[in-house]
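# Summary of structural features
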Amino acid sequence: MIEGEEQFAALLAKYERLVYTLCCRMTGNPFDAQDLTQDTFLSVYQKLPGFDGRHERAWICRIATNKCLDHQKSAARKMEPAKEEIFLEIPDQASSPEAACLMEESKKEVLALCRQLPPPYDEIAEAHFYEEKSAGEIAAEKGRNPKTVQTQIYRAKALLRKRLKGDGAR
């Protein structure tokens, strides 16, 4: 049996990382992958006397794949929710009418504040804060340097903050 143990040790050293990686990818869980790697090599050890020695990599990977598939089947069976539970867990994507109305009012206030700023900050603030465009998108549209647009957004934000606090109101 010493020869079989040496063969097993060689297979373990050679394929342990491969089997762990395979199991980790199939389960998506490193803890389950560790357990399945151990289960795989336990099966390899038990079946080693009947193994002919050909295609050892494919043989070991097939054992690991089967272990993972069995694990997924048993885990899915244990965690199968009732039909009603599935629908209760889906978040409601629609906002309430009140929230939609408040959002629309807020956007109108943002637009009005942006339009009160002096040029060029008014157009930059409107594009960034109202239309929700990035500095890169604004720079591409206006044909300006992205760093310049970033600076203008920063300054527009400071001006808006002053207006909101009432320090710079006209």
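For clarity, every value in this text was computed on a predicted model and none was experimentally measured.

Attention shifts here to the pattern of salt bridges. Applying the stated rule across the entire model yields seven salt bridges. The salt bridge involving Arg 115 is made with Glu 126; its shortest N-O contact spans 3.4 Å. Of the two residues, Arg 115 is situated in helix 5 (residues 97–115) and Glu 126 in helix 6 (residues 121–130); the sequence distance between them amounts to 11 residues. Here Glu 126 falls in the buried class, since its relative accessible area comes to 18%. Where Glu 141 meets Lys 133, a salt bridge forms, and the shortest distance between an N and an O atom there is 2.6 Å. Several salt bridges converge on common partners, so that one network encompasses Glu 123, Lys 142 and Arg 144.

With that out of the way, let us pick up the confidence of the model for the chain. Per-residue pLDDT for the chain averages 84, and the proportion of residues at 70 or more is 85%. Per-element confidence in the chain is highest for helix 2 (residues 30–47), whose mean pLDDT is 92, and lowest for helix 4 (residues 83–89), whose mean pLDDT is 63.

Per the stated rule, a full pass over the model turns up three aromatic pairs. Between the aromatic rings of Phe 8 and Phe 41, the centroid separation amounts to 6.3 Å while the plane-to-plane angle is 75 degrees, which identifies the pairing as edge-to-face. With Phe 8 in helix 1 (residues 2–27) and Phe 41 in helix 2, the pair connects residues that are 33 residues apart, well separated along the chain. Of the two residues, Phe 8 and Phe 41, neither departs from the other in class, the shared state being buried. Plain terms: the ring middles of Phe 8 and Tyr 45 are 5.1 Å apart, the flat faces sit at 80 degrees to each other, and that makes the pair edge-to-face. Here Phe 8, found in helix 1, pairs with Tyr 45, found in helix 2; they are 37 residues apart in sequence, far enough to count as distant. Here Phe 8 falls in the buried class, since its relative accessible area comes to 17%. Here Tyr 45 falls in the partly exposed class, since its relative accessible area comes to 32%.

Criteria and cut-off values
Residues numbered from 1 in each chain as written. Predicted model: local features only at pLDDT ≥ 70, side-chain atom pairs only at ≥ 80, totals over all residues. Heavy atoms only, no water. Salt bridge = Lys/Arg side-chain N within 4 Å of Asp/Glu carboxyl O. Helix = DSSP H or I, 4+ residues; strand = E, 2+ residues; numbered from the N terminus. Buried < 20%, exposed > 50% of the residue type's maximum accessible area, 1.4 Å probe, protein only. pLDDT = per-residue confidence, 0-100. Phe/Tyr/Trp six-rings, centres within 6.5 Å; stacked < 30°, edge-to-face > 60°.

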